[in-house]
Amino acid sequence: MAHSEAGGVMTVEVQRYRPDVDDTPRLVSYEVPWTQDTSVLDALNYIKDELDSSITFRWSCRMAICGSCGFMLNGEPKLGCEQFLRTYAPGPLRIEPLANHAVERDLVVDLEPFMTKLAAVEPYLHPDPTGTPEPGNLQTPEQMTRYGQFAACINCMLCYAACPQVGLATDFLGPAAITAAVRYNKDSRDFGNAQRLPLLDQEDGLWPCTFVGACSTACPKGVDPAAAIQQAKFAATMDWATEFVMPHHGAPGAKDGGHA
Amino acid sequence: MQTVRVDVAIVGGGGAGLRAAIAVAERYPDLSIALISKVYPMRSHTVAAEGGSAGVVGEGDSLEKHFNDTVAGGDWLSDQDVVQYFVEHATEEMYQLEKWGIPWSRRPDGHVNVRRFGGMSQPRTWFAADKTGFYMLHSMFQTSLKYPQIVRYDEFFALEVVTDDEGGTERARGVLAYTMRDGYPVLFEAGAVVITTGGAGRIYGSNTNGAICTADGMGMAYRAGVPLRDMEFVQYHPTALPGSGVLLTEGARGEGGILVNKDGYRYLQDYGLGPETPLGHPENKFMELGPRDRVSQAYWHELQKGRTLETAHGPAVGLDLRHLGAAYIHERLPLIVELAEQYLGLDPVKDVIPVRPAVHYTMGGIRVGLDASSSLPGLYAAGECSSSGLHGANRLGSNSLAELCVLGKVAGEQAGAFAVLDPVRPSIGVRSRAADVADRYVAMMGAGTEDPAAIRREMNAAMDAGLGIYRTGDGMREAVSRIAALQERYADVRVSDTCPVYNTDWTQAIELGHMLDVAHAMAASALAREESRGAHQRLDGFDKRDDERFLAHTLATRDAQGHPVVSYEPVVITTSQPATRAYGAAGQAPGKAATAETPTIPKEA
Ligand SMILES: Cc1cc2nc3c(=O)[nH]c(=O)nc-3n(C[C@H](O)[C@H](O)[C@H](O)COP(=O)(O)OP(=O)(O)OC[C@H]3O[C@@H](n4cnc5c(N)ncnc54)[C@H](O)[C@@H]3O)c2cc1C
Ligand code: SF4
Ligand code: FES
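Everything numeric here is computed off the predicted structure, so don't read it as measured data.

Caption draft 1: View of helix α2 (residues 63-73) of chain B. Residue and element names in this part refer to chain B. With eight of its 11 residues buried, α2 lies for the most part within the structure. Those residues of α2 not exposed but buried are His66, Phe67, Asn68, Asp69, Thr70, Val71, Ala72 and Gly73. Considering only its buried residues, α2 is in contact with β3 (53-54), α3 (80-99) and α10 (399-421).

Written out as C-alpha cells, the structure reads:
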C-alpha cells in the first residue's frame, strides 16, 4: 500500500457539552490507538465503545457521501470519516463541533436553520408551464455540465463552518442554500428562475457574501459554492438591469440566453 | 408523552419513505403525513448507492427479459406477479425521477444513457455518474419540500408500532417515537403506518451498510406479530474494501474492471462464469458481470485454495481497472477514484485495488403483498426492510433502487387509501398503553450492566462465522445458540448515558435489540432451509436446490418467549417454471436456462 505503515497512540481532545448539566463546553482528552487507516470517525467510535459511551456525534455512511460527520479538526471544518489520524500524527488532535452553529450536545450541532433556508429557495424543478415532453426531458451532457457540479452538494455544512459571514449575518442564506437555488436555475429543465431570484435577491439572501471564498476551499465535494454565489449575484444584477429594458425577462425562452 | 394525530405515519426518510410520502401527497392531497426519520432524510443510506437503477428502455430490451433475469437471478424464489408488476412500472418511475430533476447520465443526443449490470442480460441500468443513490435521494427529498402536507419529524427515533384490537381485529394504530433533539416520547396516532426503515447489514461485522442500517423496522414489525420472510437470504457484495467494508460499485466491473487473484489470473473462469471475456469488453452475465452471489462464492473458493492477496485487513483479491485508462476512469468512476485515494492511498489508474466480499443487502424482510400491506391491518412496508417477493433468493443489482420507487409509491397510495376508509380515531386505551411502553424505554437510561459494544461485537462474529457465504448445519446451530445467549445478556443491557437529548448510547442499545431479534430470525430460517439456493449456500450435503421441499418462502414469526418459529408459504409462479440458473457459456446453451416462456430459445448473453 502506498501509505507508509504507521501507528501508535494519539491524544485526541474532544469538545464535550451536555446541555442539561454543563454551563459551558469543555475539552476532554482521550488516548486512542491508531494505525495508518484509522479515520477520525473510527477514533470517535473507539472512544464511544471503549472509553465513554455517552460521547455523541452524528455519522452514518462512513464513505463521505451522507454528509453527517462534519467536525472542526484542529480548527478546520472536515468530514471525520475521510480524515485519518495519520495526517495529525503525532497529535494531539482536537475535535470540536462545526463553527458557526449552535451546539446541541457534544459534537452535534443545530441544523434547523439550514433546513429552513434550504426549503426557502424552492430547491426542486419548476417544470415548463407549457408542459413536459413525454416520456421525459432531453438534456445534453453539455447542458448538464452547467449545473452538475452544484448538484453534488451533500449538505455537510463545512462551508457554513468556514464562512466568516455566516457567523455575522444569521439570516444569510449561506453557501449551500444559494448553491441549491443556482443548481436548479441553471438546469435546462427548470423554469423557476423568476420565483427563486427574488428569494435570493434580498438583503440577507445572497448579498452578505463578500467573496472570501472560504466555502469553496472547505468543500469536500468540489462543489465550488463561491462560484454559484457569484453567478447568482450576476444574475440578480442582470435581472435588475433588464427590469428596465425587457419586462418579459422571466419568459421560458430566456433560459438558454445566459440566465443563471 | 406528546400525541400527534396524522392520517399516514411513514417511518423512514430514505428512498422508499420519500417515494411513499410523495405518493400519498399526490394521490390524497387532503391527508396529513408524518415523515419520521432517525436521521435527516438526506443522510439515509440510499445516499450510498452507486451503480444505478433498473428500467427497460431502448431497443433490444423487453419487459420479458427483465422479468426473466429477475426471476432467474432470484433462483425462482421471486413471486412472479410482483416481478411482473415491478418490471412494468420501473421505467415510468425512472422517468418520474427525471421530471423531479435527477441528473441521469445522458447520451450526446440528450437521451438517457443506460449501463450493464451483473446478472442483467441487457444494459438497462440508469445511472447518475457513480452516485446514483445520492442523486436519487436528494432529488426526492428536495421534491418532497414542495408538499406542505408532508410534515417531517427529523431525528425522531421510532420505538414501536402501536396496535389495538378495539372492534375485534388487531390493527396498527400508530407509532411511538422519541424526539432525540428535544428529549421526550411522541405518539403518532395514525390511520395507517408505513415502515421504510431500510436494511439490516450492521448485524454482520464486515458490511457495506451505514450506521443506520440496524433492522429497526423489521424488529418493530416482528415484535408486533408480523412475520419476517426469507430472512436467510443475505447478499454479499463481491467488491468492498477490506476492513471498512466501504463498497466499490459493481459499475466498476460494468465499465470493464476485472477481478484477479494473487497471480493476476481472472479466476472467475474457473467457477462457471467463463470463458474469459476480452479486456475492456465486458459481456453481460459472463465473468465479472456474473451475478453477485456467484462472484462472491468464487472468492471463497479462491481463499480456500490459498490464491488470495494478503492485506493489513486480511485476505483480498484485486480489482484491476488500469487497462481502462485515466480519462475513462475519471469520467465514469469518479467516486471509485476518490474512495481508493482516501481510504487506501491508491490510484486506480495505476494500482490494483484490493477488494473482498462484504454483507450488502437483505433480500428478506417484513412480509408484504403486492399492495405493500402486511398481515397487520393498517401496517405497510416498502424498501429494503420489506420482503415484497421481488428479489427471491438473490437480488440483482439495480433492482432495489427501482423497487424503492415502484413499491414505495404503491405503499403510499395503499396506506393513503386505508387511512381514508378507516381514519385515525383517538383512543384513551392506545394512549395509556403507549405511555407505559415509553416509560419502559426511557427507564433503560442509566440502567443495566451488560456492555452493549461487547454484545454487538459478539453478534457480528457469530453471524460472520455461522451465516456467511457458505453455511453448514453445525455452523448455523452454533450461531442460533450464540445469538440466543446474547439476547439473554441483552435483557440487562447497560445504558450509562442519562441525558434526555441525543442519547445515542440509548438509541444504539435499542438498535442492538432489534438486530439480535432479526439475527435470530435469520439464523433460524437459514438452519431450517435444507437446500442451497441463491444467497443461501450449504456445504453439508444440502448443496443442491431442492424444489420439491423448498420452492417456498420462509416465514419467521415471533413466539411468546421471543423465539422465531419457522413456517413456509408458496411462491407465486405465473409463467416461469424453475430451471437451472446458468451464467457464462452454460447460460447460452439452448434449453439449459430455458424458462416456460422461452422453452427453446437460447438465453440472451
Ligand atoms: C453501498 C451500497 C450501494 C448500493 N448500490 C445500489 C445500486 O447501485 N443499485 C441498487 O438498486 N441498489 C443499491 N443498493 C441497495 C439500495 O441502496 C438500498 O436497498 C436502498 O437504498 C434502501 O433504501 P430504503 O429507503 O429502504 O432505506 P434507507 O435509505 O436505508 O432509509 C432508511 C430510513 O429509515 C430511517 N429509520 C431507520 N430506523 C428508524 C427508526 N428506528 N426510527 C426512525 N427512522 C428510522 C432512517 O433514518 C432512514 O431515513 C446499495 C446499497 C449499499 C449499502
Ligand atoms: S457546498 Fe460543499 S461544503 Fe457546502 S454543504 Fe455542500 S458539499 Fe458541504
Ligand atoms: S459518515 Fe457519512 S459523510 Fe462521514
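Caption draft 2: Focus on the domain arrangement of chain B. Residue and element names in this part refer to chain B. When its domains are assigned, chain B resolves into domain 1 (2-233 + 363-438), domain 2 (238-358) and domain 3 (446-558). Each of domain 1 and domain 2 has a C-alpha centre, and the two are 31 Å apart. Regarding the contact of domain 1 and domain 2, the summed buried area is about 2,000 Å², with carbon and sulfur atoms giving 49% of it. Looking at the side of domain 1 facing domain 2, the largest losses of area belong to Glu50, Arg116 and Asp130, adding up to 30% of the total buried there. Inspection of the region where domain 1 meets domain 2 yields three salt bridges.

Caption draft 3: Spatial organisation of the nonpolar core. Ranked by internal contacts, the top residues of the largest apolar core, which has 169 residues, are Val14, Ile95, Ile178 and Leu200 of chain A together with Leu97, Tyr343 and Ile353 of chain B. Per element, the largest residue contribution to this core is 11 residues, and it comes from α10 of chain B. Residue contacts for Val14 of chain A: discarding those within four places in its chain leaves Arg26, Leu27, Val28, Tyr30, Leu44, Ile47, Ile55, Ile95 and Leu107 of chain A. Judged by nonpolar contacts, the second largest core, of 84 residues, contains Ala158, Leu486, Val518 and Met522 of chain B.

Caption draft 4: Here's a closer look at the pattern of salt bridges. Taken as a whole and judged by the stated rule, the model has 64 salt bridges over all chains. With its nearest N and O atoms 2.7 Å apart, the salt bridge here joins Arg18 of chain A to Asp20 of chain A. For Asp20 of chain A, a relative accessible area of 43% gives the class partly exposed. One salt bridge connects Glu98 of chain B with Arg189 of chain A, and the closest N-O pair in it is separated by 3.0 Å. Highlighted residues: Glu98 of chain B in helix α3 and Arg189 of chain A in the loop between α7 (175-185) and α8 (193-200), drawn from two different chains. Classification of Glu98 of chain B as buried rests on a relative accessible area of 0%. Salt bridges sharing common partners tie together Asp75, Glu232, Arg529, Glu531, Arg533, Arg545 and Asp547 of chain B.

What counts, and at which threshold
- Residues numbered from 1 in each chain as written.
- Chains lettered and ligands numbered in written order.
- Predicted model: local features only at pLDDT ≥ 70, side-chain atom pairs only at ≥ 80, totals over all residues.
- Heavy atoms only, no water.
- Buried < 20%, exposed > 50% of the residue type's maximum accessible area, 1.4 Å probe, protein only.
- Helix = DSSP H or I, 4+ residues; strand = E, 2+ residues; numbered from the N terminus.
- Contact = heavy atoms within 4.5 Å.
- Domains from an automatic or database assignment.
- Buried area = accessible area lost by both parts, 1.4 Å probe.
- Salt bridge = Lys/Arg side-chain N within 4 Å of Asp/Glu carboxyl O.
- Core = buried A, V, L, I, M, F, W, Y, C linked by side-chain atoms within 4.5 Å.

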